[in-house]
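Topology and contacts: notes
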Amino acid sequence: MFRLFKYIKNYKKESILAPLFKFLEASFELLIPLVMVRIIDIGIKNRDIEYVKKMSIIMVILGIIGLLCSLVAQFFAAKAAVGFGSSIRRDLFQHIQSLSYNEIDKIGSSTMITRLTSDVNQIQTGFNLLLRLFLRSPCIVFGAMVMAFTINMKAAFVFVVTIPVISVFVLALMIISIPIYKKVQNKLDKVLLLTKENLAGVRVIRAFNRQKDESEAFESASSDLVKTQLMGGNISALLNPFTYVMINLAIVTLVWIGGKQVYKGIITQGEVVALVNYMSQILVELVKLAFLIIMLTKSLACGNRVNQLLQEEASVVDTAETKIIPKDGPSVEFKDVGFLYQGAKEEALSNLTFVANKGQTIGVIGGTGSGKSSLVNLIPRFYDVISGEVLVNGVNVKEYSLQQLRSKIGIVPQKAVLFRGTIRENMRWGKKDATDKEIWEALEIAQAKEIVELKDGGLDALVLQEGKNLSGGQRQRLTIARALVKKPEILILDDSSSALDYATDAKLRRAIQTISSNTTVFLVSQRAATIKNADKILVLDDGKIVGSGTHEQLILNCEVYQEICLSQLSKEEVQ
Ligand SMILES: Nc1ncnc2c1ncn2[C@@H]1O[C@H](COP(=O)(O)OP(=O)(O)OP(=O)(O)O)[C@@H](O)[C@H]1O
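Conventions and cut-offs
Residues numbered from 1 in each chain as written. Predicted model: local features only at pLDDT ≥ 70, side-chain atom pairs only at ≥ 80, totals over all residues. Helix = DSSP H or I, 4+ residues; strand = E, 2+ residues; numbered from the N terminus. Rg over C-alpha atoms; globule rule 2.2 N^0.38 Å. Buried ≥ 20, exposed ≤ 12 C-beta atoms within 10 Å, placed from the backbone. Contact = placed C-beta atoms within 7 Å. Domains from an automatic or database assignment. Pairing = 2+ DSSP bridges. Axes fitted to C-alpha atoms, helices over the stretch in contact; angles between N-to-C directions. Core = buried A, V, L, I, M, F, W, Y, C linked by C-beta atoms within 7 Å. UniProt positions renumbered as here; feature names shortened; annotations may be inferred. Near = placed C-beta within 6 Å. Nonpolar A, V, L, I, M, F, W, Y, C, P; charged D, E, K, R; others polar. pLDDT = per-residue confidence, 0-100. Parallel < 35°, antiparallel > 145°, perpendicular 65-115°, else oblique. Left-handed = near helix turned anticlockwise from the far one by under 90°. Expected span 1.5 Å × (residues − 1). Bend = angle between axes of the 7 residues up to and from the residue.

Describing the overall build of the protein
Along the backbone of the protein there are 20 helices and 12 strands. Against the 2.2 N^0.38 benchmark of 25 Å for 575 residues, the protein shows a C-alpha radius of gyration of 35 Å, more extended than a compact globule. The principal-axis extents of the C-alpha atoms in the protein amount to approximately 120 × 45 × 45 Å. A buried classification covers 38% of the 575 residues belonging to the protein. Counting only contacts in the protein whose residues sit at least 6 apart along the sequence, the fraction spanning at least 24 positions is 78%.

The structure is reproduced here in structure tokens:
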């Protein structure tokens with residue numbers, strides 16, 4: 001958590017001025033009971049109305065100065081806290097962007113969202129309170145105690161007993177609360193995960209009539225969260241009654257001791273009132289301090305979670321700084337590649353060796369879970385191999401900077417994702433300055449020209465969040481066009497025509513074959529028809545290449561390929 005304090009450096013001035021003005025406010029507040037002593041012991045005792053009026057004006061002035069100091073402090077505290085929070089949020093967001101698929105798979109996106117939003121907000125609120133109270137509250141508590149000693153030693157001992165007892169109690173509560181608040185945030189992650197899954201899969205839930213089951217699962221996660229929150233809340237709730245009881249007992253003791261001493265003529269009535277006033281100030285301040293401690297406890301738990309995420313190191317490290325000059329070599333080459341997902345027991349890919357030459361179309365086929373996506377994800381280094389080598393243009397992918405490597409590759413993932421904005425904005429993701437002509441060309445190859453032409457506004461038509469106003473097939477074609485706009489050296493289509501009808505899929509394949517002879521295309525599919533005409537087909541089974549060659553070669557010598565083809569194509573199509 002304390003590592004996060006480096007984010008204060010841009011707000012040093014505000015972080016010093018805010019507590020300083022709070023300290024000034026506290027000092028003026030501590031003077032008020034002294035003025036009261038004079039009003040009672042001099043003004044009222046001698047029935048000197050003029051003196052009472054004069055002192056009352058001084059009291060109001062002290063109050064106004066205190067208020068002004070408080071306003072200035074609030075301003076600086078808010079500025080520092082908002083800046084502190086937004087710096088953390090910005091760095092955390094950038095850090096998440098730098099993480100590789102391994103960490104994203106391991107951590108999960110819902111907890112990342114909670115950490116980026118709710119946790120950072122909590123840290124921001126905690127920091128704001130800290131700036132406002134960490135100097136003010138102890139200053140009032142100890143200042144009032146010192147003032148009490150200057151008034152009367154014996155009575156002031158009541159302060160010496162009360163304050164440590166409350167402090168120990170507050171500390172104990174804090175130690176108990178920290179793990180509870182950490183649990184609360186973890187359970188919040190769970191609720192968020194369920195909410196996210198449910199909202200994303202709302203249609204599937206309805207189609208399977210699972211509303212009741214899903215509501216029950218949500219209810220259970222939510223009530224689990226509520227229980228933990230209540231536990232934390234109940235513990236924190238003990239704080240205020242305990243503090244009030246202790247302070248009121250102390251006030252009763254003060255009045256009792258003070259009363260006896262007034263009777264003996266040791267102290268004046270005004271001084272007793274001042275002592276009670278100091279005790280009340282301490283009460284208010286301890287309640288605030290207790291609140292600060294609860295908030296800080298929560299912030300500490302959130303800070304640790306944010307810090308944990310910031311400490312997470314990317315497993316795919318971008319070490320290359322200089323631009324690599326590609327060597328003479330195949331467009332893509334796998335040399336005895338082995339790959340294992342983090343936490344998995346068995347390799348997802350083993351002993352993969354193949355070559356893809358410039359301009360070739362490589363079909364990748366295999367059953368579900370055979371490793372097709374894993375294979376193509378190794379080319380742009382979404383994951384790193386655990387053995388062997390992946391080479392692009394004769395150079396190990398690890399030697400390129402991620403930026404240089406990925407700029408060569410256009411990838412269309414299985415799930416077609418578009419972003420909120422115009423179609424043109426979406427198309428320019430790969431090439432910021434793509435002209436409309438380039439965009440239309442890409443749309444034509446991707447069989448998406450008609451979709452855009454029929455939309456109101458054409459390229460300016462709005463794509464809603466996640467492309468909700470488009471069908472699955474339309475989304476797929478637009479994501480293919482987006483990858484084509486970039487004119488990549490290597491184009492990876494990871495099962496990206498699964499939502500297309502056969503005729504469109506065939507047109508798309510024919511069009512893709514017409515693109516530059518320098519583009520190497522990886523066509524991943526479970527459909528034999530999609531990859532049948534590829535220059536080379538890789539047949540995957542259980543993470544291994546069990547066949548490699550053209551359709552004609554494989555149909556004769558690869559059993560797995562034969563099975564796939566015979567289950568999907570007619571005898572004529574197979575030939
Ligand atoms: N992120 C992941 N973490 C752990 N294991 C994974 C992950 N992604 C895939 N796997 C596992 O790796 C193996 C290969 O998965 P992969 O997604 O590459 O298969 P695929 O051939 O593309 O399947 P499909 O055609 O169904 O998309 C499977 O056993 C799968 O369960």
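Considering the domain arrangement of the protein
Much of the literature gives interface size as the accessible area that the parts lose upon coming together. Each domain of the protein was delimited in the assignment, giving domain 1 (2–311) and domain 2 (414–487). Taking the mean C-alpha position of each, domain 1 and domain 2 sit 51 Å from one another.

A few points about the sheet that holds strand E6 (residues 409–412)
The sheet built from 6 strands is open, its strands ordered E6-E9-E10-E3-E11-E12 with mixed pairing. The two strands at the open ends of the sheet, each matched to only one other strand, are E6 and strand E12 (544–549). Along the sheet, successive strands turn relative to each other by an average axial angle of 15°, direction set aside. Across the sheet, helix H15 (residues 472–485) is in contact with E6 and strand E9 (490–494); its angle to E6 comes to roughly 175°.

Here's the deal with the nonpolar core
Counting 72 residues, the largest nonpolar core has Val-364, Ala-481 and Ile-492 as the members making the most contacts within it. Among the elements that make up this core, the one with the highest residue count is H15 (6 residues). In this structure, Val-364 is in contact with Lys-372, Leu-375, Val-376, Phe-522, Leu-523, Val-524, Leu-538 and Leu-540, ignoring residues within four places of it in sequence. The next biggest cluster of nonpolar side chains, apart from the first, holds 65 residues, and it includes Val-37, Leu-131, Leu-286 and Cys-302.

Focus: the sheet that holds strand E5 (residues 395–396)
Note: strands within a sheet are paired through backbone hydrogen bonds, in either parallel or antiparallel orientation. Judged by pairing direction, the sheet is antiparallel, and its 4 strands sit side by side in the order E2-E1-E4-E5 without closing on themselves. Two strands bound the open sheet, and with one partner strand each, they are strand E2 (349–356) and E5. Alignment of strand E1 (residues 332–339) against strand E4 (residues 387–392), held across 5 bridges, turns out to be antiparallel. Within E4, the residue paired with Val-332 across the bridge is Val-392.

Re the UniProt feature "transmembrane region" (unreviewed entry) in the protein
Summarizing the sequence annotation, UniProt attributes the feature "transmembrane region" (unreviewed entry) to residues 56–82, 133–151, 157–181, 237–258 and 278–296 in the numbering used throughout. Along residues 237–258, the helical share is 100% and the strand share 0%, with 32 Å between the first and last C-alpha atoms. What you have in residues 278–296 is 100% helix and 0% strand, and the ends, taken at the C-alpha atoms, are 26 Å apart.

Re the site of the ligand
As a matter of local geometry, the ligand sits amid 13 residues, with Tyr-341, Thr-368, Lys-372, Ser-373 and Ser-374 nearest to it. The leading source of residues in the shell around the ligand is helix H10 (residues 372–377), at 3 residues. Broken down by class, the residue content of the shell around the ligand amounts to 3 nonpolar, 8 polar and 2 charged.

Some remarks on the UniProt feature "domain: ABC transmembrane type-1" (unreviewed entry) in the protein
The UniProt record marks residues 16–298 with the feature "domain: ABC transmembrane type-1" (unreviewed entry), using the residue numbering of this structure. Helix makes up 94% of residues 16–298 and strand 0%, and the two end C-alpha atoms of the span are 23 Å apart.

Section: the confidence of the model for the protein
Across the protein, the average pLDDT comes to 85, with 97% of residues at 70 or higher. Across the assembled chains, the prediction reports ipTM 0.94 with pTM 0.71.

Section: the pairing of E9
Most of E9 sits out of view: 5 of its 5 residues are buried. Here E9 shows two buried faces, one formed by Ile-490, Ile-492 and Asp-494 and the other by Leu-491 and Leu-493. Across 5 bridges, E9 lies against strand E10 (residues 520–525) in parallel orientation. Counterpart to Ile-492 in the pairing with E10 is Phe-522.

Brief notes about the environment of Val-539
For Val-539, the location among the structural elements is in strand E11 (residues 536–541). Sequence separation of Val-539 and Lys-486 is 53 residues, and the distance between their C-alpha atoms is 29 Å. Not counting chain neighbours up to four residues away, the residues in contact with Val-539 comprise Ile-365, Gly-366, Ile-545, Val-546, Gly-547, Leu-554, Cys-558, Val-560 and Tyr-561.

What about unusual backbone geometry?
Its identity as a non-glycine residue notwithstanding, Gln-447 has a phi of 60°, on the positive side. For Gln-447, the position within the fold is in the loop between helix H13 (436–445) and helix H14 (449–454). Backbone geometry at Lys-487 places phi at a positive 50°, although glycine is not the residue there. By secondary structure assignment, the location of Lys-487 is in the loop between H15 and E9.

Observations regarding the packing of helix H5 (residues 136–151) against helix H6 (residues 153–200)
Running from N to C, H5 and H6 cross one another at 155°; their axes reach a closest spacing of 8 Å. Classified by the angle their axes make, H5 and H6 are roughly antiparallel. Crossing angle aside, the handedness with which H5 passes H6 is left-handed. Facing Val-141, Met-145, Ala-148 and Phe-149 of H5, the residues of H6 in contact are Met-153, Ala-155, Ala-156, Phe-159 and Ile-163. Broken down by class, the residue content of the contact of H5 with H6 amounts to 9 nonpolar, no polar and no charged.

Describing helix H4 (residues 109–133)
For H4, with 25 residues, the first-to-last C-alpha span of 35 Å sits near the 36 Å given by 1.5 Å per residue. Residue Arg-115 marks the point of greatest curvature in H4, where the axis turns by about 35°.

Here's the deal with the environment of Val-262
You can see Val-262 is positioned in helix H8 (residues 211–264). For the pair Val-262 and Gly-329, spaced 67 residues apart in sequence, the C-alpha separation works out to 100 Å. Once you skip the residues sitting within four places of it in the chain, Val-262 turns out to touch Ile-267, Thr-268, Gln-269 and Val-272.

Description of the environment of Asn-277
Looking at where Asn-277 falls in the secondary structure, it is placed in helix H9 (residues 269–311). Take Asn-277: there are 20 C-beta atoms within 10 Å of it, and that puts it in the buried class. Along the backbone, Asn-277 and Leu-30 are 247 residues apart, and their C-alpha atoms lie at a distance of 9.6 Å. With residues up to four places along the chain from it excluded, the contact list for Asn-277 reads Pro-33 and Met-36.

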